[in-house]
Amino acid sequence: MTNPLLTPLTLGPLTLPNRVIMSPMTRSRSEQPGDVPTELNARYYAQRANAGLIISEATQVDPRGKGYAFTPGIHSDEQVAGWQTVTEAVHAAGGRISLQLWHVGRMSHVDFHAGEAPLAPSAINADAKIFLGGANPFAATSTPRALETSEVVQIVEQFRRGAELAKRAGFDGVELHGANGYLPHQFLSDQANQRTDSYGGSVTNRLRFSVEILEAIVGVWGGERVGLRISPALGMNGCGESDAPALYAALVGEANRLGVGFLDVLEYFGPSDKRPAEPSELHATLRKTYKGRYLANGGFDPANARARLEAGHADGIVFARLFLANPDLPERIRRGAALNDPDPSSFYGGGAKGYTDYPALAWAE
């Protein structure tokens, strides 16, 4: 029986050769200052062009959206040129790549913003850690200030502009990072969002920011080339949702209305051998009600990923650490070959070590 991970998948206008999707992963290796992608980044992504689809590392749409050292941006001409180097390398290797659009909100530190507080729906600290680099690379998040209503509208425009620049840079589509406790998720969360204006309170108000961003980027790309990443009910980085079923049912309804092409759903965060065999009731409902492609993300290995597809609970599987350590992951799955182990000490910052030097089968055997 053919492994369903290795069967083609239609994703809007794209035909993916397999359903092994490369997850966005912050690797903190962009040129500083300027947050510009480099030839090293192009090599890293081109090595993994055998993925059905690469979703790029999270990329800030504005300098105030930055929260980690050495992350790339998509708000300047220099960044567009850097990303063009990446997309050209991926396309030359036969791949497809979408850009993940990002604003960290309160998941940041004053050092990134000339001493000014990060931005958030409400002035509530995430009580989380971010990557600053240097001798003491990880630091606690700074307490943010609450955005004015007029500023929220301006950030929506920053996402629209980022989507336009992603098109100029040669990407095949974009994904909105609406998960993991970053700014859109902060607005969704009634733990992080204590606003009393039209962006806070009810489910309709709390999802308004995400919907306005989606409307803006769909206006640039068309819905079929747009994805949305969510992490429902995981409570990441202090973004719990007391009403997750109603909240995400409404958000998915809006994604359906806008014709958003795929959902990238972080269902689980932890070791693969602890991953539940069956999707939760919430995830099963989202899979059933969403009209586009459902991509399941979080803690998968080739075996449980195959089982998930065979049961019909997803259209594709998103791999993170395994794709980091195995640039030829689809081919290793096809052969049943051993997998390289990822090296956590090289996840953030540095150069080629732990980035472009993981062996592929052609020269590992």
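The structure we're discussing is the one just above.
The following paragraphs examine the structure supplied in this document. Worth saying up front: this structure is predicted, and the values here are computed from it rather than measured. Counting starts from 1 at the beginning of each chain's written sequence and moves along it residue by residue. Owing to the predicted nature of the model, reporting of local features is limited to residues with pLDDT of at least 70; listing and counting of side-chain atom pairs is limited to 80 or more, with chain, interface and lining totals taken over all residues. Here the side-chain values reflect all heavy atoms present in the structure, with hydrogen atoms and water set aside.

Some thoughts on the pattern of salt bridges
No. 1: The salt bridge criterion pairs a side-chain nitrogen of Lys or Arg with a carboxyl oxygen of Asp or Glu, the two atoms within 4 Å. For the structure on display, the rule yields 22 salt bridges.
No. 2: Each member of the salt-bridge network shares a partner with another, and the members are Glu157, Arg160, Arg161 and Glu164.

Structural notes on the pairing of strand β12 (residues 262-266)
No. 1: Think of it in three bands: residues with accessible area under 20% of the maximum for their type are buried, residues over 50% are exposed, and the middle band is partly exposed, with areas taken using a 1.4 Å probe on protein chains only. Per the convention used, a helix needs a DSSP run of H or I reaching at least four residues, while a strand needs a run of E reaching at least two, with both numbered from the N terminus. Most of β12 is tucked away, with five of its five residues classed as buried.
No. 2: Covered by surrounding structure in β12 are Phe262, Asp264 and Leu266 together with Leu263 and Val265, the residues of both alternating faces.
No. 3: Two strands form a pair only when DSSP identifies at least two bridges running between them. Sheet analysis places strand β11 (residues 226-230) next to β12, joined by four bridges and oriented parallel. Among the inter-strand pairings, isoleucine 230 is bridged to a residue of β12, identified as valine 265.

As for the sheet that holds strand β5 (residues 97-102)
No. 1: Ordered in space as β3-β4-β5-β10-β11-β12-β13-β14, the eight strands form a closed barrel in which the pairing is parallel. With direction set aside, neighbouring strand axes in the sheet form an average angle of 25 degrees.
No. 2: Alignment of β5 against strand β10 (residues 173-177), held across four bridges, turns out to be parallel. Residue pairing for β10: leucine 99 is matched across the bridge by valine 174.
No. 3: Its contacts with the sheet place helix α1 (residues 39-47) against β3 (20-22), β4 (53-60) and β5, and it is angled at close to 150 degrees to β4.
No. 4: The contact criterion used throughout is that any non-hydrogen atoms of two residues lie within 4.5 Å. Where helices are involved, their axes are fitted lines through C-alpha atoms of the stretch in contact, as for all axes, and angles between N-to-C directions lie from 0 to 180°. Lying over the sheet, helix α2 (residues 77-92) contacts β4 and β5, oriented at roughly 150 degrees with respect to β5.

Quick word on the environment of alanine 126
No. 1: With respect to the secondary-structure elements, alanine 126 resides in the loop between β6 (119-120) and β7 (129-131).
No. 2: Judged by relative accessible area, which is 7%, alanine 126 ranks as buried.
No. 3: Spatially, the C-alpha atom of alanine 126 lies 19 Å from that of tyrosine 199, the residues being 73 residues apart in sequence.
No. 4: Beyond its immediate sequence surroundings of up to four residues, alanine 126 is in contact with Arg106, Met107, Thr141 and Asn237.

A closer look at the side chain of arginine 27
No. 1: Structurally, arginine 27 can be placed in the loop between β3 and α1.
No. 2: We treat Lys and Arg as the positive residues and Asp and Glu as the negative residues; His and chain ends play no part in the count. For the buried arginine 27, no salt bridge exists, and the shortest N-O distance to an oppositely charged side chain is 7.6 Å, to glutamate 57.
No. 3: Under the rule applied, a polar contact is a pair of N or O atoms within 3.5 Å (in protein, one hydrogen donor and one hydrogen acceptor; residues adjacent in sequence only if both atoms are side-chain atoms). From its side chain, arginine 27 meets the backbone oxygen of phenylalanine 347 in a polar contact 3.0 Å long.
No. 4: Beyond its immediate chain neighbours, meaning those up to four positions away, arginine 27 contacts Tyr44, Glu57, Leu324, Ser346, Phe347, Tyr348, Gly349, Gly354 and Tyr355.

Concerning helix α3 (residues 149-168)
For an α-helix, 3.6 residues make a turn, and residues three or four places apart therefore share a direction.
No. 1: What a helix should span is 1.5 Å times the count of its residues minus one. A rise of 1.5 Å per residue sets the reference length of α3, with its 20 residues, at 28 Å; its end C-alpha atoms lie 30 Å apart and thus fit the reference within 8%.
No. 2: Every buried residue of α3 is accounted for by Glu151, Val152, Ile155, Val156, Gln158, Phe159, Gly162, Ala163, Leu165 and Ala166.
No. 3: Each element contacted by the buried residues of α3 is listed here: α2, β5, β9 (145-146), β10, α4 (183-188) and α6 (208-221).
No. 4: Following α3 by one or two positions, glycine 170 adopts a phi angle in the positive range, close to 95 degrees.

Brief notes about the layout of surface pockets
No. 1: Residues are called lining when one of their atoms sits within 4 Å of a cavity or pocket point, these points coming from a 1 Å grid over the protein atoms alone, where a cavity is a set in which a 1.4 Å probe fits but cannot get out and a pocket is an open set with protein on both sides within 12 Å along at least five of seven lines. Grid points are joined across faces, edges and corners, and a volume is the space filled by probe spheres set on the points. Approximately 1,100 Å³ is the volume attributed to the largest pocket.
No. 2: Taken together, 40 residues make up the lining of the largest pocket; nearest its centre are Met25, Phe269, Ala320, Arg321 and Tyr348.
No. 3: Looking at the lining of the largest pocket, the elements that each hand over two or more residues are β4, β5, β7, β14 (316-319) and α10 (321-325).

Here's the deal with empty space enclosed by the protein
The gaps of empty space that remain are located by a probe, the size of a water molecule, rolled over the atoms.
No. 1: Enumeration over the complete set of coordinates arrives at one cavity of 30 Å³ or more.
No. 2: Of the volumes computed, that of the largest cavity is approximately 40 Å³.
No. 3: In this structure, the largest cavity is lined by Leu11, Pro13, Leu14, Ser98, Asp172, Gly173, Glu224, Arg225 and Phe262.
No. 4: A class-by-class count of the residues in the lining of the largest cavity yields four nonpolar, two polar and three charged. Under this grouping Gly is polar, as are all residues other than the nonpolar Ala, Val, Leu, Ile, Met, Phe, Trp, Tyr, Cys and Pro and the charged Asp, Glu, Lys and Arg.

Quick notes on the packing of aromatic side chains
No. 1: Any pair of Phe, Tyr and Trp rings, taking the six-membered ring for Trp, is counted once the centres come within 6.5 Å. Such a pair is stacked with planes under 30 degrees apart, edge-to-face with planes over 60 apart, and tilted for the rest. Applying the stated rule across the entire model yields twelve aromatic pairs.
No. 2: A centroid spacing of 6.0 Å and a plane angle of 85 degrees characterise the contact between phenylalanine 138 and tyrosine 348, whose relative ring orientation is edge-to-face. One end of the pair, phenylalanine 138, is in strand β8 (residues 138-140); the other, tyrosine 348, is in the loop between α11 (329-335) and α12 (361-364), and 210 residues separate them in sequence.
No. 3: Directly above the aromatic system of tryptophan 221 lies the positively charged group of lysine 167, at a separation of 5.1 Å from the ring centroid.
No. 4: Any Lys NZ or Arg CZ found within 6 Å of a ring centre and within 35 degrees of that ring's normal is scored as a charge over the ring. Lying across the ring of phenylalanine 300, arginine 275 places its NZ or CZ 3.7 Å from the centre.

What to know about the environment of proline 344
No. 1: Inspection of the secondary structure assignment puts proline 344 in the loop between α11 and α12.
No. 2: Using a relative accessible area of 52% as the deciding quantity, one classes proline 344 as exposed.
No. 3: Expressed as a C-alpha distance, the spacing of proline 344 and arginine 321, which sit 23 residues apart in the sequence, is 9.2 Å.

Points about unusual backbone geometry
No. 1: For the peptide bond that leads from glutamine 32 to proline 33, omega is -5 degrees, which places it in the cis range.
No. 2: Following the sequence through the fold, proline 33 ends up in the loop between β3 and α1.
No. 3: Here the phi dihedral of asparagine 180 falls at roughly 60 degrees; this positive angle occurs in a residue that is not glycine.
No. 4: With respect to the helices and strands, the residue asparagine 180 is situated in the loop between β10 and α4.

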